Amino acid sequence: MSSALVAQKPVAQRSSPAIARTPGSMTERDNQSSIAEQMAAHIRKVADHRDRAAFAEIFDYFGPRLKSFVMRQGSDPQLAEEVVQETMVKIWHKSGQFDSKKASASTWIYTIARNMRIDLLRKMNRPEPDMNDPSMTPDPDPMAYDKIAFDQEADQLKKSITLLPEDQQRVLQLAYFEDKTHNEVAVELNVPLGTVKSRIRLALRRIRTELGDLR
Amino acid sequence: MNVNHHPSEALLLDYVSGTLGETWSLGIATHLALCPTCRRTVDVLEAMGAIYWRIFHLLK
């Protein structure tokens, strides 16, 4: 499963102020720098070997710190949690672009988190259908339209997704994990736009069929 | 009210993943209000996104 999630792409990195913590003493400073080195080493292990243990170390160390970092910027705990998770996904995928000569591990990670927070806030403003619209068209069969039942089908859905052909999965991963539009996916995979569209259509058709949703 | 033209699944995926621009997203949202079929597709796409999340967390 993990290999299917591996994705690399170049991305521009900007530097940013990292953790504001002044070392109080020489020993603390030494301690800080050795943690920085350890974390840099962990990122490289993730990049080179998809090392899950190293990734867990990064998660354990930066998870709580990132959460409070995001909350200090005025986000509620739920959003902060989401930023942390999304940031961790990015770290997993983009570890190959980490360059310890350009930025420390924490600078790199906090930059990702800061950009992620901006992205998420932008996404939360996505326009939603207006259920009070006078022309709102109700579902023909409200009983069939049941999100709870849909949740119960999650296992089936997961199975269906993992059984999709690799090329279709790849498109979905790029869209969900790397925030690419279908146009960008076409560029990334170097295939015509129509191919990307048909892969999405085929994946959806197959999944809906397997869910028994034949409408 | 019936609608005969539907946005492509690719466009709906961009809407769900939040990569579609504001103007297009507004257009999609307006269409969704009129179209149970596409609302259902969006539900499936959102559920798929959630599954991809869970798959990711299995990596931990």
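Just so you know, these numbers come straight off a predicted model, no measurement behind them. (Residues numbered from 1 in each chain as written. Chains lettered and ligands numbered in written order. Predicted model: local features only at pLDDT ≥ 70, side-chain atom pairs only at ≥ 80, totals over all residues. Heavy atoms only, no water.)

1. A look at the nonpolar core
Note the cut-off: What makes a nonpolar core is a set of buried Ala, Val, Leu, Ile, Met, Phe, Trp, Tyr and Cys residues whose side-chain atoms join them at distances within 4.5 Å. Note on classification: 1.4 Å probe, protein chains only; a residue is buried when its accessible area is under 20% of the maximum for its type, exposed when over 50%, partly exposed between these limits. Counting from the N terminus, the helices are the DSSP runs of H or I reaching at least four residues and the strands are the DSSP runs of E reaching at least two. By definition in these notes, contact holds between two residues if any of their heavy atoms fall within 4.5 Å.
Counting residues in hydrophobic clusters, the biggest one holds 37 residues, and the most contacted among them are Leu 157, Leu 172, Tyr 176 and Ile 207 of chain A together with Tyr 15, Leu 45 and Met 48 of chain B. Counting residues per element, the ones that place at least two in this core are helix H7 (154–163), helix H8 (166–177), helix H9 (182–189) and helix H10 (193–210) of chain A together with helix H1 (9–17), helix H2 (22–34) and helix H3 (36–58) of chain B. With 8 residues, the single largest contributor to this core is H3 of chain B. If near-sequence neighbours (up to four positions away) are discounted, Leu 172 of chain A is found in contact with Leu 164, Phe 177 and Ala 203 of chain A together with Leu 13, Met 48 and Tyr 52 of chain B. Counting 30 residues, the second largest nonpolar core, distinct from the first, contains Phe 62, Ala 80, Phe 98 and Trp 108 of chain A.

2. What about the interface of chain A and chain B?
You'll often see interface size given as the accessible area lost when the parts meet. To keep it simple, the criterion reads: When two components associate, each loses some accessible surface as probed by a 1.4 Å sphere; the sum of these losses over both components is called the buried area. The salt bridge definition used is simple: a Lys or Arg side-chain nitrogen within 4 Å of an Asp or Glu carboxyl oxygen. For the purposes of these results, a polar contact is taken to be a pair of N or O atoms within 3.5 Å, where, inside protein, one atom must be able to donate a hydrogen and its partner to accept one; residues adjacent in sequence count only when each atom of the pair is a side-chain atom. As a working rule, the residues Ala, Val, Leu, Ile, Met, Phe, Trp, Tyr, Cys and Pro are called nonpolar, Asp, Glu, Lys and Arg charged, and the rest polar, with Gly in that last group.
The partner chain B presents 41 residues to the 52 residues of chain A that form the contact. Summed over the three residues of chain A that lose the most area to chain B, namely Arg 126, Pro 127 and Tyr 176 of chain A, the buried surface amounts to 15% of that side. At the boundary of chain A and chain B, one finds 0 salt bridges. Our enumeration of links across chain A and chain B arrives at 8 residue pairs in polar contact (both at pLDDT 80 or more). Only helix H1 (2–5), helix H3 (52–72), helix H4 (77–94), helix H5 (105–124), helix H6 (147–152), H7, H8 and H10 of chain A provide two or more residues apiece to the side of chain A that touches chain B. Of the residues in the side of chain A that touches chain B, the class split is 25 nonpolar, 9 polar and 18 charged.

3. A short note on the packing of H10 of chain A against H1 of chain B
Operational definition: Helix axes are fitted to C-alpha atoms over the stretch in contact, other axes to C-alpha atoms as well, and angles between N-to-C directions run from 0 to 180 degrees. Oblique is the label for every angle not falling under 35 degrees (roughly parallel), over 145 degrees (roughly antiparallel), or within 65 to 115 degrees (roughly perpendicular).
In contact at an axis separation of 8 Å, H10 of chain A and H1 of chain B are set at 80° when each is read in the N-to-C sense. One way to sum up the angle between H10 of chain A and H1 of chain B is to call them roughly perpendicular. Judged by residue contacts, Lys 197, Ile 200, Arg 201 and Leu 204 of chain A of H10 of chain A engage Glu 9, Ala 10 and Leu 13 of chain B from H1 of chain B. Residue composition of the contact of H10 of chain A with H1 of chain B, grouped by class: 4 nonpolar, no polar and 3 charged.

4. Side note on the side chain of Thr 107 of chain A
Residue and element names in this part refer to chain A. Residue placement: Thr 107 occurs in helix H5. We classify Thr 107 as buried; its relative accessible area is 14%. Within the local environment of Thr 107, its side chain forms a polar contact with the side chain of Ser 104, the two groups lying 2.9 Å apart.

5. Observations concerning the environment of Arg 206 of chain A
All names here are of chain A. Here Arg 206 is to be found in helix H10. A sequence separation of 43 residues divides Arg 206 from Leu 163, and the C-alpha atoms of the two residues are 9.8 Å apart. Look past the residues within four positions of Arg 206 in its chain and what remains in contact with it is Leu 163, Leu 164 and Pro 165. A distance of 3.1 Å separates a polar atom in the side chain of Arg 206 from the backbone oxygen of Leu 163.

6. Things to note about the packing of aromatic side chains
Residues and elements named next belong to chain A. Formally: Pairing of aromatic side chains requires ring centres within 6.5 Å, counting the rings of Phe and Tyr and the six-membered ring of Trp. Pairs whose planes differ by under 30 degrees are stacked, by over 60 edge-to-face, and all others tilted.
For the structure on display, the rule yields 6 aromatic pairs over all chains. Both rings, one in Tyr 61 and one in Phe 62, keep their centres 4.9 Å apart while their planes meet at 90°; by these two values the pair is edge-to-face. Phe 62 matches Tyr 61 in its accessibility class, with the two residues each being buried. Here Phe 98 and Trp 108 contribute two aromatic rings whose centre-to-centre distance is 5.2 Å and whose plane-to-plane angle is 55°, an arrangement assigned as tilted. Taken together, the residues Phe 98 in the loop between H4 and H5 and Trp 108 in helix H5 connect sequence positions 10 residues apart. Each member of the pair, Phe 98 as well as Trp 108, is classed as buried.

7. Description of H5 of chain A
Count 3.6 residues to each turn of an α-helix, and residues three or four apart come out pointing the same way. Definition in use: Expected helix span is given by 1.5 Å per residue-to-residue step, counting one fewer step than there are residues.
In a regular helix each residue adds 1.5 Å, so 20 residues correspond to 28 Å; H5 of chain A covers 28 Å between its end C-alpha atoms and thus fits that length. Within H5 of chain A, the full set of buried residues consists of Ala 105, Ser 106, Thr 107, Trp 108, Ile 109, Tyr 110, Thr 111, Ile 112, Ala 113, Met 116, Arg 117 and Leu 120 of chain A.

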